[in-house]
Amino acid sequence: MDLTTNYMGLRLRNPLVASAGPLSQTVNGVRALADAGVGAVVMYSLFEEQMRREAEKMAELEEAHEDSFPEALSYFPNVPYSSDGTAVTSYLRLVESAADAIDVPLIASLNGATLGGWVKNASRLADAGASAIELNIYLVPGDVTVTGSEVEHRHIEILQAVRESVSVPVAVKMSPYFSSVGNMCVALDHAGADGLVLFNRFLQPDIDIDRLEVTPGVTLSSRDDARLPRTWIAVLRGKVKASLAASSGVETPSDVVKYLLAGADIVMTTSSLVRHGAPHAGKLLEGLEAWLTRKELTLERARGMLAVPRDADPAGYARTGYVSALEKAKSTYGALR
Amino acid sequence: MSERLIIDGNEAAADVAFRLSELCSIYPITPSSTMAELADEWSAHGRPNVWGQVPTVIQLQSEGGAAGTMHGALQGGALSTTFTASQGLLLMIPNMYKIAGELTSTVFHVAARSLATQGLSIFGDHQDVMAVRQTGFCLLNSASVQEAHDMAAVAHLATLRTRLPFVHFFDGFRTSHELNTMHRLSDDQLRELVPRELVLEHRARALSPANPFIRGTAQNPDTYFQSRETVNSFYDRVPALLQDVFDEFAAISGRTYSAVEYHGDPLAERVLVVMGSGIETIVPVVEHLNATADARTGVLFIRLYRPFPVESLLAALPASANRIAVLDRTKEPGSGGEPLFLDVTSALGEAYASGRRATMPHVSGGRYGLSSKEFTPAMVKAIVDELARPVPKPRFTVGINDDVTHLSLDVDASFDLNDPETLRAVFYGLGSDGTVGANKNTIKILGSGEDMFAQGYFVYDSKKSGSRTVSHLRFGPNPIRAPYLVNKANFIGCHHWSILEQVDILELAQPGTTLLLNSPHAPEELWGQLPRPVQDRIIELGIDLYCIDASAVARAAGLGSRTNTILQTCFFAISGVLPRDVAIEKVKTSITKTYARKSMEIVRKNHEAVDASLSHLHRVEVPATATSSKLLANPVPASAPEFVRTVTATMMSGHGDDLPVSALPVDGTYPSGTTQYEKRNVSEIVAVWDPEACIQCGNCSFVCPHSVLRAKHYPTARLEDAPEGFLSAPLNSAGLPDSRYTLQVYVEDCTGCGLCVEACPVKPIGQPSRRAINLEPVVEREKEKAAVTYFEELPQNNRARLDFGTVRGTQYLQPLFEFSGACAGCGETPYLKLLSQLFGDRTTVANATGCSSIYGGNLPTTPWAKNAAGRGPAWSNSLFEDNAEFGLGLRLAADLHEDLARARLQELRTEIGDDELVDALLAAPQRHESDLLLQSERVKLLLEKLEGVPGHRATDLRSVADHLLRRSVWIVGGDGWAYDIGSSGVDHVLASGRNVNILVLDTEVYSNTGGQSSKSTPLGAVAKFATAGKQTNKKDMAMQAMAYGSVYVARVAMGADPQQTLKAFREAEAFDGPSLIIAYSHCIAHGYDIRKGLEQQYKAVHSGHWPLMRYNPVIREAGGNPFLLDSPRPRLTLREYQDRELRYKVLRAANPEEADRLVGLAQAAVNRRWGEYEELAMRGAEHFAADTRSQ
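Rules behind the numbers
Residues numbered from 1 in each chain as written. Chains lettered and ligands numbered in written order. Predicted model: local features only at pLDDT ≥ 70, side-chain atom pairs only at ≥ 80, totals over all residues. Heavy atoms only, no water. UniProt positions renumbered as here; feature names shortened; annotations may be inferred. Helix = DSSP H or I, 4+ residues; strand = E, 2+ residues; numbered from the N terminus. Buried < 20%, exposed > 50% of the residue type's maximum accessible area, 1.4 Å probe, protein only. Contact = heavy atoms within 4.5 Å. Pairing = 2+ DSSP bridges. Axes fitted to C-alpha atoms, helices over the stretch in contact; angles between N-to-C directions. Salt bridge = Lys/Arg side-chain N within 4 Å of Asp/Glu carboxyl O. Buried area = accessible area lost by both parts, 1.4 Å probe. Polar contact = N/O pair within 3.5 Å; in protein donor to acceptor, adjacent residues only side chain to side chain. Nonpolar A, V, L, I, M, F, W, Y, C, P; charged D, E, K, R; others polar. Phe/Tyr/Trp six-rings, centres within 6.5 Å; stacked < 30°, edge-to-face > 60°. Core = buried A, V, L, I, M, F, W, Y, C linked by side-chain atoms within 4.5 Å. Parallel < 35°, antiparallel > 145°, perpendicular 65-115°, else oblique. Left-handed = near helix turned anticlockwise from the far one by under 90°. Disulfide = S-S within 2.5 Å.

An unreviewed UniProt entry annotates chain B as Pyruvate:ferredoxin (Flavodoxin) oxidoreductase of Tessaracoccus antarcticus. The UniProt entry for chain B carries the following text under Sequence similarities (unreviewed entry): "Belongs to the pyruvate:ferredoxin/flavodoxin oxidoreductase family."

When helices and strands are tallied, chain A shows twelve helices and twelve strands. Burial status across chain A gives 52% buried among its 337 residues. For chain A, the proportion of contacts with a sequence separation of at least 24, taken over those separated by at least 6, is 70%.

All right, on to the sheet that holds strand E5 (residues 106-111) of chain A then. The eight strands lie next to each other as E3-E4-E5-E6-E7-E8-E11-E12 (chain A), forming a closed barrel whose pairing is parallel. With direction set aside, neighbouring strand axes in the sheet form an average angle of 25°.

Turning next to the sheet that holds strand E11 (residues 297-302) of chain B. All names here are of chain B. Spatial strand order, E9-E11-E10-E13-E14-E15: six strands in an open sheet with mixed pairing. Only two strands of the sheet have a single neighbouring strand rather than two, namely strand E9 (260-264) and strand E15 (395-398). When the angles between neighbouring strand axes are averaged without regard to direction, this sheet yields 25°. Where strand E14 (residues 362-368) meets E15, four bridges bridge the pair, whose relative direction is parallel. Its bridge partner being in E15, Tyr 368 is matched across the sheet by Val 398. The strands that helix H13 (residues 278-293) touches are E9, strand E10 (270-274), E11 and strand E13 (323-328); relative to E11, the one it contacts most, it runs at about 160°. Strand contacts of helix H16 (residues 377-388): E10, E11, E13, E14 and E15, with the helix running at about 135° to E10, the strand carrying the most contacts.

The next subject is the pattern of salt bridges. Taken as a whole and judged by the stated rule, the model has 88 salt bridges over all chains. Note that Glu 62 of chain A is salt-bridged to Lys 598 of chain B, the shortest N-O span being 3.6 Å. Taken as a pair, Glu 62 of chain A in helix H2 (residues 48-63) and Lys 598 of chain B in the loop between helix H23 (580-595) and helix H24 (600-616) lie in two separate chains rather than in one. Pair check on accessibility: Glu 62 of chain A and Lys 598 of chain B agree, each one buried. One salt bridge in this structure joins Asp 187 of chain B and Arg 19 of chain B, with 2.6 Å as the shortest N-O distance. Taken together, the positions of Asp 187 of chain B in helix H8 (residues 187-193) and Arg 19 of chain B in helix H1 (residues 9-19) put the pair 168 residues apart, joining distant regions of the chain. Residue Asp 187 of chain B is classed as partly exposed on the basis of its relative accessible area of 28%.

Residues and elements named next belong to chain B. Sites flagged by UniProt as "binding site: [4Fe-4S] cluster 3" (unreviewed entry) map to Cys 823, Cys 826, Cys 851 and Cys 1083. Separation in sequence by 261 residues is not matched in space for these annotated residues, since their most distant C-alpha atoms are only 10.7 Å apart. Secondary-structure assignment places Cys 823 in the loop between helix H29 (807-810) and helix H30 (829-839). Residue classification places Cys 823 among the buried positions, given a relative accessible area of 13%. Residues within four places of Cys 823 in sequence aside, it is in contact with Lys 464, Ser 465, His 706 and Ile 1084. Within the secondary structure, Cys 1083 is located in the loop between strand E35 (1075-1080) and helix H41 (1093-1102). What makes Cys 1083 buried here is its relative accessible area of 9%. Discounting residues that sit within four places of it in the chain, Cys 1083 has contacts with Thr 1003, Ser 1007 and Ile 1090.

Bringing the interface of chain A and chain B into the picture now. The partner chain B presents 57 residues to the 37 residues of chain A that form the contact. Buried area between chain A and chain B, both sides added, is near 4300 Å², and the carbon and sulfur share of it is 58%. Along the contact surface separating chain A from chain B lie seven salt bridges. Between Arg 93 of chain A and Asp 1156 of chain B there is a salt bridge, with the nearest N and O atoms lying 2.8 Å from each other. At the boundary of chain A with chain B, the tally comes to 16 residue pairs in polar contact (both at pLDDT 80 or more). Elements with a contribution of two residues or more to the side of chain A that touches chain B: H2 and helix H3 (85-101) of chain A. A total of ten residues in the side of chain A that touches chain B trace back to one element, the largest contributor, which is H2 of chain A. Along the lines of polarity and charge, the residues of the side of chain A that touches chain B split into 16 nonpolar, nine polar and twelve charged.

What follows deals with the packing of aromatic side chains. Residue and element names in this part refer to chain B. Applying the stated rule across the entire model yields 32 aromatic pairs over all chains. Ring geometry for Phe 427 versus Phe 571: centroids 5.3 Å apart, planes at 80°, classification edge-to-face. Residue Phe 427 is found in strand E16 (residues 423-430), and its partner Phe 571 is found in helix H22 (residues 564-575); the two are separated by 144 residues along the sequence. For Phe 427, a relative accessible area of 2% translates into the label buried.

All names here are of chain B. Along the polypeptide, Thr 175 turns up in the loop between strand E7 (166-171) and strand E8 (179-184). For Thr 175, a relative accessible area of 3% translates into the label buried. For the pair Thr 175 and Gln 146, spaced 29 residues apart in sequence, the C-alpha to C-alpha distance is 9.6 Å. Here Thr 175 is in contact with Asp 8, Gly 9, Asn 10, Ala 143, Ser 144, Val 145, Phe 170 and Ser 277, once residues within four sequence places are set aside.

The next point concerns the nonpolar core. Among the nonpolar cores identified, the biggest contains 141 residues, and Leu 709, Ile 998, Leu 999, Phe 1065 and Leu 1076 of chain B are the most heavily contacted of them. Broken down by element, this core gets its largest block of residues, seven residues, from helix H45 (residues 1152-1177) of chain B. When sequence neighbours within four positions are dropped, the list of residues in contact with Leu 1076 of chain B reads Leu 990, Ile 998, Val 1000, Met 1037, Ala 1041, Val 1047, Tyr 1048, Val 1049 and Ala 1050 of chain B. By size, the runner-up hydrophobic cluster in this structure holds 81 residues, among which are Trp 118, Val 181, Leu 198 and Trp 291 of chain A.

Residues and elements named next belong to chain B. The N-to-C vectors of helix H7 (residues 145-162) and helix H9 (residues 196-204) enclose an angle of 55°; their axes lie 9 Å apart at closest approach. Taken as axis vectors, H7 and H9 run oblique relative to one another. As H7 runs across H9, the sense of the crossing is left-handed. On the side of H7, the interface is formed by Leu 157, Leu 160 and Arg 161, while H9 contributes Leu 198, Val 199 and His 202. Counted by class, the contact of H7 with H9 contains four nonpolar, one polar and one charged residues.

Residue and element names in this part refer to chain B. Under the defined criterion, the tally for this structure stands at zero disulfides over all chains. Take Cys 547: it sits in no disulfide, and the sulfur closest to it among the cysteines is that of Cys 570, at 9.6 Å. Judged by its relative accessible area of 1%, Cys 547 falls in the buried class. Between Cys 851, a free cysteine, and Cys 1083, which holds the nearest cysteine sulfur, the sulfur-to-sulfur gap is 6.2 Å. You can call Cys 851 buried: its relative accessible area is 14%.

The next thing to look at is the pairing of strand E17 (residues 453-460) of chain B. All names here are of chain B. Burial analysis of E17 places seven of its eight residues in the buried class, which makes it a mostly covered element. Relative to E17, E8 is paired through two bridges, and the arrangement is antiparallel. If you follow Asn 180 over to E17, its bridge partner there is Gln 455. Across eight bridges, E17 lies against strand E18 (residues 468-476) in antiparallel orientation. In the sheet register, Phe 453 faces E18, and the bridge partner there is Gly 476.

Here the focus is the packing of helix H8 (residues 253-262) of chain A against helix H10 (residues 280-295) of chain A. All names here are of chain A. Direction vectors running N to C along H8 and H10 enclose 60°, while the axes themselves pass 8 Å from each other. One way to sum up the angle between H8 and H10 is to call them oblique. Where H8 crosses over H10, the handedness of that crossing is right-handed. Residue-level contacts link Pro 253, Val 256, Val 257, Leu 260 and Leu 261 of H8 to Lys 283, Leu 284, Gly 287, Leu 288 and Trp 291 of H10. The residue makeup of the contact of H8 with H10, split by class, is eight nonpolar, one polar and one charged.

The structure is reproduced here in structure tokens:
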């Protein structure tokens, strides 16, 4: 069955993409994902801040005890190394080897903080063999002084700078927490985004009530997490030039199908692969094919079948969805007060 | 135009030596290490010599090894050089005879340093080079940074011309570490200087099978003597050939030199003779005295010392000279005079006797400048004045007060020769604040202009934590020839308020000096906070006072404690040496240059700090009257012993130079336990105990590197008179009802390292980031001090009733190693503290030179202490290389005296009249602490009974009776000693079967000299001399030692398993034979915040890098498997262990492929070794070597 898909101009053998996550931290991991049949692999994120902190830390450590004791004016030989510390070099090497090791596109993911860092590293990633760059614009939550328009402006600025510095496609993985998500997507589309990945998951900390501790909130996504991105993909389908990538809440083949029906060009998953191992990708694809066969649909026909029609009133559509949700709930749980 | 640079003497010499060599065979030793390190770096970075080849740099296991390698390389025809000093040069002596005897061309570059005699000194004098004057090497010396560069070139050419080897030396520290403006010889100049033919001739003399001959025969009475005389003509030719070299050098560089150089009045009557940097001090004084007082003086500089240039000396010395003072920077006790004096005297005597000189001048021999003692213009004047006296002292010293043999000259300290155009600045800083680094930058900034000359010299104290630095800087339009400290400063910067309260920072101030204080106090409150003496001096001298809260600016900029660029900016802004804008731009450029390669983040933060500096800088209006009642802090409490109050305290306050000869011990013997009187208060944050949360496990005090956490338990009733704020908790162990427990923090000694916090297993409920011990700012220092005093009065818990077998039990044992100056969080000292707690009152310690001998034995105060009964570890340091043998000697002496004691005891049975006592003394088991306590009571009783017993046998017995108490001999040192320089000694002592305990504090590098690679350095770790990552495996000393069968062996890591460490120490000590404990010691040279040191130890063990094991021959003899594998199968990868440490990360950042390759190999080695260990742990006893001593 023909599952080939166009994602930002890249030709993928199918619409299932392994998103940034722990499985893509080694060449073997990336190879396993490709072997499992995915259409493309997004590498885990290179964090620019982390890398700058590391370089700073290394320099600080090197000079921490210098010039304090007459017999030892220093403790390390003068070794010329990159000011990025070890993180960037390791990442670039991984991109290079992983891109070589697989025959599907490898997308590098960049999580940056400064404009200069974004631009420099994006072009280095492209040079190292990444087929595309995914910008993970993840502003640290909790800062109450930054205005919404500042955040939006920052996204556009970063995207434009990177877009100008590389020739490979550039996707933006965005957060759902804009006051007008759709408008932001359109703005990014206008600013040159080749793809929009919906959504980044905001890692919220948890509280351990026994130990009275705040614990870091890294959790795998669950199926319900797919509803929000699916809604927005359905809305955006046909309204932006950029490819649409769905991310979050993919566990079974039916989740893949739902996203495609809503209008996603590709469907990304990490959590299910972490839970069940890379070969699970094969099962998702088999399920997709089985569904298409059962419904006697091609992928092209199925994609966007249940998207919001281009001429529909988006508010009305959303309202309709809300009303039907209430109706459904009523029939399931009894009358609501 | 040659390149103008500001570098130190070491770099100046090494820069030439490297470019004119094919091989550098080296070994680190202060103060020459920098030369070797630079050569290694250059080689690693592919820098070629002037003939286009990258020289090989190879580190050996000792200087003896370096010299041997060099001898071989020279016989192989390679141009070879080395860099060394002090004992290192002494270790080369045997080879030096060989090299000279075979007329071999080579140059040894020596940063001349004191020798270890009554004490070790790392500082400069000529004792080492004078000890090789008889080897047949030519000795050539330099007096300045420029000369260190130039004479290096001259020596490399001269050795090829003359076929004689050269030692090129310059004053350790004074020249080797002084930054000064100099002109660098280009590759072209050096190539032009050293003709290729000479290199080819040297090569042609090499051993070659193509043209075989033998060299190094054994000779007999018939020809050895004559053969020895064959070389005379080579030495005779040296002065002439060397002059040719000087002429050629002058033609190339424009700088002229001679074997002997005279400065001063051509008709001088009084002449000084000197070598080394002293000439730079003397010349301006001579010129000044001739010009102002018609003094008719001069000075001879002996540049070539061997072969002694008699003819040049006679030619250069004015015929009018009738009073001569020869200055030796060395000491030869018992000699008729120091060597240069004897050489000059014999030259003059012979000349006079033969009629070549009409008169025989009076010649005085003077010693000066030992161990970098200051040599100032005032001292020169004192010597010149002495020569004018009717009968000058024939022998004298200058620079000290000899009130015993009265050899010293009186010096009028007010005599001064400061160039008014030179700006002199002094900065007081702490090691951790970057003051020295910033000053080095300042010198480079100022000295980089063609119209400015600059000099920098830095004084450090001998502590490794909270160390104080004093930077002495000079700048001006004239070349700076002043190899002595600034004595009058135009600018004084005090970069820490605490320094101001402890030392007289205005000692060097003069009228109108500018003073910049880094002050936590607001400008309007500052005056009231100053100590009275400081206020008085400020008013008296009309000092221009500025302040800035640089620490706050640094914190705001995210720079932590690095206040350096902020204070540097203020210096430029106030001193006016450059226009403000220009200066600031230059500071920023220099920051960018320093850090851009490493971290733009640091560049950004520092630039921000520079910009923020000026708005926080304030000029302080000085009131007309002093208001303060505060005095400078007393260095030691009034309760300290007299020696400490007088001698030690003087050293501590920085006035040790003023101590007279009579104040000091004649044989290097000092009282134990003096660190307790030096309350350094080095940390603003200290450990604070939480009695409620504490479970009294003892983990914190076990790991505390500074012995500042002490535990006692006592009856509750004792608390009645406790001072307010004295903390305690109910004792939580069974069997002692109604008892309280106190964990006392010695706040004034705490370094805030945080190891205790990391070791604490308790998290108080609801406070997950806290422990039962936490780091907090010191709030009420006086209250804390009162608590410590009270705690000290509580009785020490009875050793015989404590459980030595548990970490919990050991916390009640008094540490007899305390408050050392080791780095905050040191990984070595907790092991020494444990040793002192367990066996301290019957231990002698032989300590190899290195970190542990420096924090263990560097004056003014030392940490090995004694208990209330006056007993404690007796400690000594012999050398670096001989420590195992030295310790064995202590053991043999103890054994002899024990045997003697036992024999005399039997013989005196009747006189003692207590058979039960005698039998018990002879048969006591002495295994447990209770046995030992009983035995020591018996010894006491014996001595009582011996009172009044006449005869030599009784006298004998009294003198050795203490040996009836089992003596514990510990041989302690680092991996540089145990794995490298002392390796053969360690091996031999282990093979001796004697009862010694060897403790290797393994930091996997030479820590004390700055992180050079040893054979313990792990595969893939970057260290000096392993710039590209160590390429070979770490030596497995444990397996080597096990092979003997008669050695107890343990590998321990306190941070991974304190209980196993404790067990190993006790078993090793109890084992009647040689024991070896290899102790993982985290170190600042590993490159991470060593607060995480214990965690790294844990990872080292659990990655299999450092498998814990014990090998106990006793178990084998009992039929069991003596090999005990104490750590579980590795569950971390080697990378998980290594990733935190800079020594591995640097390679990963520089060359990730190589890092991967090496970590792969290292992981494979770990896996293989673990397999072997597991297999060993499962073998039967018969598969291990027998302890043949018991068969």
